[in-house]
Amino acid sequence: QGSGRRRCHVAAPGPFCCLGRQLCPWWFWQNHMQYWARRLEQEIDGVMRIFGGVQQLRGIYNENRNLFEVKENVPRKLVEKVAGDIESLLAKKVRALKRLANAAEKFQKAHHWQDNIREEDIEYYDSKADTEYDDPDGEEIEREKSNSLKLEFTDDANFKTKVNYSYAAVQIPTDIYKGCECPSSPAPLRSAPTLLTTCLPPTATPWRAPNKIDLYDVRRRPWYIQGASSPKDMVIIVDVSGSVSGLTLKLMKTSVYEMLDTLSDDDYVNVASFNEKAKPVSCFKHLVQANIRNKKVFKEDVQGMVAKGTTDYKAGFEYAFDQLQNSNITRANCNKMIMMFTDGGEDRVQDVFEKYNWPNKTVRVFTFSVGQHNYDVTPLQWMACANKGYYFEIPSIGAIRINTQEYLDVLGRPMVLAGNRAKQVQWTNVYQDALGLGLVVTGTLPVFNLTEDSSDRKNQLILGVMGIDVALNDIKRLTPRYNLGANGYVFAIDLNGYVLLHPNLQPQIINFREPVTLDFLDAELEDENKEEVGRPRGSFWGTGWPPQYIDEVFRTYTWAPIKSTNYSLGLVLPPYSTYYIQANLSDQILQPPCLPISLPVYFEYLLPNSFESEGHVFIAPREYCKDLDLSDNNTEFLENFIALMEKVTPDSKQCDNFLLHNLILDTGITQQLVERVWKDQDLNTYSLLAVFAATDGGITRVFPNKAADDWEEEPEPFNASFYRRSLDNKGYIFKPPYRDASYRGLDLENNTIGILVSTAVELSIGGKTLKPAVVGVKLDLEAWAEKFKVLASNRTDRDQLGCDPSTSCEMDCEANNKDLICVLIDDGGFLVLSNQEDHWYQVGKFFSEVDANLMSALYNNSFYARKESYDFQSVCAPEAQSNTGAAPRGVFVPTVADLLNLAWWTSAAAWSLFQQFLYGLTYSSWFQTGESPGSPGARETSCIMKQTQYYFSTVNATYNAIIDCGNCSRLFHAQRLANTNLLFVVADKPLCSQCESVKLLQAEVRAPPRDPNQCELVDRPRYRKGPHICFDYNATEDTSDCGRGASFAPSLGVLLSLQLLLLYSSASRHPLPPAACL
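An unreviewed UniProt entry annotates the protein as Calcium voltage-gated channel auxiliary subunit alpha2delta 2 of Strix occidentalis caurina. Taken from UniProt, the Subcellular location (unreviewed entry) comment for the protein reads in full: "Membrane".

See below:
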């Protein structure tokens, strides 16, 4: 029926036939599947018992018990020790930082201001005078004339660049005129006793700019922002009434961009637009943490603002005050402020301030007059001055960066007036150093102006921020690694839950301006218990997971604060890593050869001339000795290691005795495994390509030697997935070679594909359980695919004839491979073996790429569950963007009556349109939303990658079901193989294509916009402790300096001349970047 095929089956007690698409009884499938499954399980177990050598390796460890000790990891003691070591390291930096800050304040206080001094009268080294540009076009950059000192530089290993030890360097942002008489401008001060510095170090080094236009401004770096003021609760309100049009609206959008960049992870913010009514520009209904993801949402949604309606300041301010008074949300609870961007207005909304803010004035109000216009700005000045804020003017695009960051001077006043109470060192989160020093954290300390005026009134200006760097690698060196085992690790987080140390903190940095913020709950699979981490101290059991696969395992989390810092330190330890082996070879090394292992010949088994008889040895690329040259090429690294061992003894002070002795011990132990087990076996008998053993000591031995040519696993066992997964799972772990969807396969006649099968070696010594090694075999795919068909059949003689369709016989995976699909799939959903020859080149692919219909059925019937995870540290090529509407969006179009009205030509609207026209002619790319992917300036950008991981659910071990699709329905049966990570599936071959299912995705892909949904995430805020330091009020603060401006009616001729001059000047110096980049 249907296909015209006749399918033969056997059912106990006698044979029978199921015709066409007729279904077989469930007990047929159950009985036969269980029988086949047992045969498969027995074959796998037999091979591993013979060749794996688990029992023999246990015996070898026990025989050599006198060569090592079993040590214990005590989590609480480890955490306290490491936290104390890190505290001591940072305390040294803090003492140096305070000395530097005090010295800077004394130098400034003793300095006498000279009114007539000129730039050429000052001798200093301008770090930008010798700027090295990362120019993708390779064009010659015309340099500005400079009076900078000419210095000679030498290479420095700490800086990883050339330095001069006799002079300090000065870096002045591009938008600050070097000849400016700016005695009140805050200055960045940054140094470190280890000479890992940038702005004003005790050494000078040339500046390295990321591109032709150097937009680096230290005042926008995370360490400076954190040190310059206490945490902030900020509401930005933007006037989008009809008078805000054309360039003015664009200036406002860019101003909001830049304002958001002045906020750190300690701050909270919301952005709203207003005309007659106020509404949030994004989905955020309340203040949210100013982290990089939330700020990205704001920046995207600000672009959607459209000018229309009339201005009602009352609506905007009432919305802002309501936001700041909401106490039911997580927020900074320190500086509170409202930032209003407008083109002008007459209403002072005094009644709103009286209702919400007076007399205490706990909320500062900053007003920004944006665009060229002739409106009276007095009301805007009054609002700022009456509420302890400041008034700024942003007439053009060049004024945005400076005027959106100078509010920090106002917020710094209470800190300065607080004196020494505010001199508290704060530590930043991890970020990328601008000079290429890698990942660092910085301790910051504000530097105050200690001068007094003629009336002995205390100065309230912050001079700048002193910073001291600590390279992340210096902190990592203080943490234990190899005694914790492959799946144990140390982590550290800051007050916001962002990781300072974590094995999954691996940012692909392409832009040092973007902070490295990886939430602890994003670095691991989120768990309710893990939300407790970061509170004073504690311990609990939780779940962990390795990459690509998800394993449900037990972990002990233990943590405690690092005193005098913003950090907490944690330790994650699996149960089998409570104990570890420490080799004790010191006495034996100096003695003559001893049994059962002759120590003097240990190193001989690392020499390449021993590989042919003893198997190839890969050694983990660890820092065994200080003078050992590391290499990504393991052969070269082994040569370097052997060469060094010929010069030093294993007990040398320059070597890590723990690492080196354990390596020597495991070299001998794995060699004994070769002698006792592997050499006596014929691998070809069981179709094995190789046997192998890997150890905690860093040895991976592969036998025979020729098998090393195709060995693709990590030489560091702690990084090898087969090693880590074998430790976490009982039984035999199958690992096919991973293939993505685009893989088209190899010619199997000339290329051999192997499948790893591994298991952990568990020792019990004196009641202490540990897993010091993993052993396994590598199966020949083609040979085992044939073996799989035989094992999944009802006959024992492989040469027996297949099923004759004209007779009744047994249905199985060998005789009926044209009708039945028989596969082994691992716990991640990847194909391991199949009875279909056309599947062999697809081994290692996610099974949905092979049979989407069947994989969907397995998922829908709960054999598999899935978990979506996100990688927030990725980089991606820029996406193509449509420029449709990019230029004209928001452009004001004058009417005929306007053009005929003389007054209109001197109005703000006319000036805005004319200025936009000039910029459009001069910088056509200014109005573009971004660079095209193919343009020379297109660079990779940070992005979020999404991966869906599949794992076995808790469904019963055996199950059968129908994939219902009318005449195209398919029967399938699935059976878990005991003591493995495999699922055995038998299914009808699809006879028609009408039932094609949606393909399940597993591969990592770029997350679509707004995925994950930040709007939903902020409604379930994660635990944030936040800084305990807050200086937002001082009764002696002088608020009289609150900004001044002038209202004037512009002369068209004067403005036109000035604008053309500015355009010519800026065009001759630097091309204007796109607005989004400012």
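1. Here's the deal with the overall build of the protein
Along its length, the protein carries 25 helices and 41 strands. By the burial criterion, 55% of the 1078 residues in the protein qualify as buried. Within the protein, contacts between residues at least 6 apart in sequence are counted, and of these 73% link residues at least 24 apart. About 47,800 Å² of surface is accessible on the protein, with carbon and sulfur atoms providing 49% of the total.

2. Topic: the sheet that holds strand 31 (residues 733-735)
Pairing is antiparallel in the open sheet, where 6 strands are placed in the order 28-30-29-33-32-31. At either end of the open sheet lies a strand with only one pairing partner, and these are strand 28 (616-619) and strand 31. Ignoring strand direction, the axes of neighbouring strands in this sheet form an average angle of 20°. By the bridge criterion, 3 bridges tie strand 31 to strand 32 (residues 754-765) in an arrangement that is antiparallel. Each residue of the ladder has a partner; that of Ile 733, found in strand 32, is Ser 758. Of the strands in this sheet, strand 29 (688-695), strand 32 and strand 33 (768-780) are in contact with helix 2 (residues 54-63), which crosses strand 32 at around 40°. In the packing of helix 19 (residues 721-728) onto the sheet, contacts are made with strand 29, strand 31, strand 32 and strand 33, and the angle to strand 33 comes to roughly 130°.

3. Some points on the sheet that holds strand 36 (residues 864-876)
Read across the open sheet, the 3 strands follow the order 36-37-41; overall the sheet is antiparallel. Looking at which strands have only one partner, the edges of the open sheet turn out to be strand 36 and strand 41 (1005-1006).

4. Here's the deal with the environment of Asp 155
Topologically, Asp 155 is positioned in strand 6 (residues 154-156). With sequence-adjacent residues up to four places away left out, Asp 155 is seen in contact with Thr 161, Lys 162 and Tyr 165.

5. What to know about the pattern of salt bridges
Pairs can form between side chains of opposite charge whenever their charged atoms are close. Per the stated rule, a full pass over the model turns up 28 salt bridges. With a closest N to O distance of 2.7 Å, Arg 49 and Asp 45 form a salt bridge. Of this pair, Arg 49 and Asp 45 are both found in helix 1 (residues 26-52), 4 residues apart, which corresponds to roughly one turn of the helix. Assessed through its relative accessible area of 56%, Arg 49 is described here as exposed. For the salt bridge of Glu 786 with Lys 789, the shortest nitrogen-to-oxygen distance reads 3.5 Å. Here Glu 786 pairs with Lys 789, and both are found in helix 20 (residues 781-791), just 3 residues apart, close to one helical turn.

6. A look at the packing of aromatic side chains
Inspection of every chain in the model, using the stated rule, returns 36 aromatic pairs. Measuring from centroid to centroid gives 5.9 Å for Tyr 859 and Tyr 950, while their planes differ by 80°, and the two rings are edge-to-face. Remark: Tyr 950 occurs in strand 37 (residues 941-952) and Tyr 859 occurs in helix 21 (residues 852-860); sequence separation between them is 91 residues. For Tyr 859, a relative accessible area of 22% translates into the label partly exposed. Overall, the relative accessible area of 1% leaves Tyr 950 in the buried class. Every member of this aromatic cluster is reached through a ring pair, and the members are Phe 317, Phe 321, Phe 353, Tyr 356, Trp 358 and Trp 382. Positioned above the aromatic ring of Phe 718 is the side chain of Arg 622, whose terminal nitrogen or guanidinium carbon lies 4.9 Å from the ring centre.

7. Describing the environment of Phe 284
Relative to the helices and strands, Phe 284 resides in the loop between strand 13 (278-280) and strand 14 (288-289). Between the alpha carbons of Phe 284 and Glu 1016 there is a distance of 9.1 Å; along the sequence they are 732 residues apart.

8. Quick notes on the environment of Tyr 482
Checked against the element boundaries, Tyr 482 lands in the loop between helix 13 (472-476) and strand 22 (489-493). Through-space distance from the C-alpha of Tyr 482 to that of Asp 696 is 7.6 Å; in sequence the pair is 214 residues apart. Tyr 482 has contacts with Arg 622, Phe 658, Leu 659, Glu 716 and Phe 718, leaving out every residue within four places of it along the chain.

9. Comments concerning the nonpolar core
Across soluble globular proteins, you tend to see nonpolar side chains buried next to one another. Tyr 624, Phe 641, Leu 858 and Phe 984 are the most contacted members of the largest nonpolar core, which totals 106 residues. Leave out the neighbours within four places in its chain, and Phe 641 touches Phe 603, Leu 606, Ile 619, Tyr 624, Leu 628, Leu 660 and Leu 663. One finds Ala 83, Val 425, Val 499 and Tyr 557 within the second-largest nonpolar core, a separate group that totals 48 residues.

10. Details of the packing of helix 2 against helix 18 (residues 657-676)
At a closest axis distance of 10 Å, the pairing of helix 2 and helix 18 adopts a crossing angle of 135°. When the axes of helix 2 and helix 18 are compared, the pair comes out oblique. As for the relative orientation of helix 2 and helix 18, their crossing is right-handed in sense. Between helix 2 and helix 18, the residues in contact are Leu 57, Ile 60, Tyr 61 and Glu 63 and Asp 666, Ile 669, Gln 672, Leu 673 and Arg 676, respectively.

11. Some details on the pairing of strand 35 (residues 831-834)
Looking at chain direction, strand 34 (residues 820-826) and strand 35 are connected through 3 bridges and run antiparallel. In the sheet register, Ile 825 faces strand 35, and the bridge partner there is Leu 831. Remark: 4 residues form the turn of the hairpin made by strand 34 and strand 35, two consecutive strands paired antiparallel; Gly 829 in that turn has positive phi of roughly 90°.

12. Regarding unusual backbone geometry
Most peptide bonds take the trans form, and the phi angle of most residues other than glycine is negative. Residue Pro 359 follows Trp 358 across a cis peptide bond; omega there is 5°. Within the secondary structure, Pro 359 is located in the loop between helix 8 (350-356) and strand 16 (363-370). Between Phe 703 and the following residue, Pro 704, the backbone shows a cis peptide bond with an omega angle of 0°. Structurally, the position occupied by Pro 704 is in the loop between strand 30 (699-703) and helix 19. Backbone geometry places Lys 388, a non-glycine residue, at a positive phi of 60°. Within the secondary structure layout, Lys 388 lies in the loop between helix 9 (378-385) and strand 17 (390-394).

13. Here's the deal with the pairing of strand 37
Inspection of the sheet shows strand 36 paired to strand 37 by 11 bridges, in the antiparallel sense. Paired with Tyr 864 across the bridge in strand 37 is Phe 952. Note that strand 37 and strand 41 share 2 bridges and pair antiparallel. Among the inter-strand pairings, Lys 946 is bridged to a residue of strand 41, identified as Val 1005.

14. Digging into a negative patch on the surface
Taken together, Asp 627, Asp 629, Glu 636 and Glu 639 make up a surface patch of like negative charges. The topology assignment puts Glu 636 in helix 17 (residues 634-645).

15. Thoughts on the state of the cysteines
Applying the stated criterion across every chain, the model contains 6 disulfides. A sulfur-sulfur distance of 1.6 Å marks the disulfide that ties Cys 283 to Cys 1015. Taking the torsion about the sulfur-sulfur bond, which here is approximately -80°, the covalent link between Cys 283 and Cys 1015 counts as left-handed. Here Cys 283, found in the loop between strand 13 and strand 14, pairs with Cys 1015, found in helix 24 (residues 1014-1017); they are 732 residues apart in sequence, far enough to count as distant. Look at Cys 283 and you get partly exposed, because its relative accessible area is 24%. Overall, Cys 1015 belongs to the buried group, its relative accessible area being 18%. Between Cys 334 and Cys 1030 runs a disulfide, and the two sulfur atoms are separated by 2.0 Å. Of note, the bridge from Cys 334 to Cys 1030 carries an S-S torsion of about 100° and is right-handed in sense.

16. Focus: helix 6 (residues 292-302)
The buried fraction of helix 6 is high, at 8 of 11 residues. Taken together, the buried positions of helix 6 are Arg 293, Asn 294, Lys 295, Val 297, Phe 298, Lys 299, Asp 301 and Val 302. Turning to helix 6, the residues buried within the fold contact helix 5 (247-260), strand 12 (268-274), strand 14, helix 14 (520-523), strand 36 and helix 24.

17. Section: the side chain of Asp 1011
The residue Asp 1011 is located in the loop between strand 41 and helix 24 in this model. In this structure the side chain of Asp 1011 is engaged in a polar contact, spanning 3.1 Å, whose partner is the side chain of Lys 946.

18. Focus: the confidence of the model for the protein
On average, the protein scores 80 in pLDDT, and the residues at 70 or more come to 76%. Low pLDDT, under 50, characterises residues 181-202; the stretch is placed with 87 contacts to residues that sit more than four places away or in other chains.

19. Section: the packing of helix 5 against helix 6
Two elements in contact, helix 5 and helix 6, have axes whose closest approach is 10 Å; the angle formed by their N-to-C orientations is 175°. Taken as axis vectors, helix 5 and helix 6 run roughly antiparallel relative to one another. Here helix 5 contributes Lys 253, Val 256, Tyr 257 and Leu 260 to the contact with helix 6, which in turn contributes Lys 295, Phe 298, Lys 299 and Val 302. Grouping the amino acids of the contact of helix 5 with helix 6 by side-chain chemistry returns 5 nonpolar, no polar and 3 charged.

Cut-off values and rules
Residue positions within a chain follow its written sequence, with the count starting from 1. Reporting of local features is limited, given that this is a predicted model, to residues whose pLDDT is at least 70; pairs of side-chain atoms are given and counted only at 80 or more, and all residues count toward the totals for whole chains, interfaces and linings. Side-chain measures were taken over the full set of non-hydrogen atoms in the model, leaving aside hydrogen atoms and water. UniProt positions are given in the numbering used here, feature names are shortened, and annotations may be inferred rather than shown by experiment. What counts as a helix is a DSSP run of H or I of at least four residues, what counts as a strand is a run of E of at least two, and both are numbered from the N terminus. Relative accessibility thresholds used throughout: buried, under 20% of the residue-type maximum; exposed, over 50%; partly exposed, between the two (1.4 Å probe, protein chains only). Only heavy atoms matter for contacts: two residues are in contact if any of them lie within 4.5 Å across the pair. Surface accessibility follows the Shrake-Rupley procedure with a 1.4 Å probe radius. Residue values consider only the protein chains on display as shielding. Strand pairing is assigned whenever DSSP identifies at least 2 bridges connecting the two strands. Convention adopted: a line fitted to C-alpha atoms gives each axis, helices being fitted over their contacting stretch, and angles between N-to-C directions are expressed from 0 to 180 degrees. Salt bridges, as used here, are contacts in which a Lys or Arg side-chain nitrogen is within 4 Å of a carboxyl oxygen on Asp or Glu. Stacked, tilted and edge-to-face are the three classes assigned to paired rings of Phe, Tyr and Trp, where Trp is represented by its six-membered ring and a pair needs centres within 6.5 Å; plane angles under 30 degrees give stacked, over 60 edge-to-face, the rest tilted. Criterion for a charge above a ring: Lys NZ or Arg CZ within 6 Å of the ring centre, and within 35 degrees of the ring normal. Only buried Ala, Val, Leu, Ile, Met, Phe, Trp, Tyr and Cys residues count toward a nonpolar core, and they belong to the same one when joined by side-chain atoms within 4.5 Å. An angle counts as roughly parallel when it lies under 35 degrees, as roughly antiparallel when it exceeds 145, as roughly perpendicular when it falls between 65 and 115, and as oblique in every other case. Should the near helix be turned anticlockwise from the far one by less than a right angle, the crossing is left-handed, and should it be turned clockwise, the crossing is right-handed. Residues with no salt bridge and a relative accessible area higher than 30% make up the patches, which join like charges within 9 Å and nonpolar side chains (Val, Leu, Ile, Met, Phe, Trp, Tyr) within 5 Å. Think of it this way: Lys and Arg go in the positive column, Asp and Glu in the negative one, and His and the chain ends go nowhere. Lysine's charge is taken at NZ, arginine's at CZ, aspartate's at CG and glutamate's at CD. Cysteine sulfur atoms that come within 2.5 Å of each other are treated as a disulfide pair. Within 3.5 Å is the distance limit for a polar contact, defined as a pair of N or O atoms, with the added protein rule that one can donate a hydrogen and the other accept it, and that residues adjacent in sequence qualify only through two side-chain atoms. Values of pLDDT, ranging from 0 to 100, describe the predictor's confidence in every residue of the model. For this classification, Asp, Glu, Lys and Arg are treated as charged, while Ala, Val, Leu, Ile, Met, Phe, Trp, Tyr, Cys and Pro are nonpolar and the rest, including Gly, are polar.

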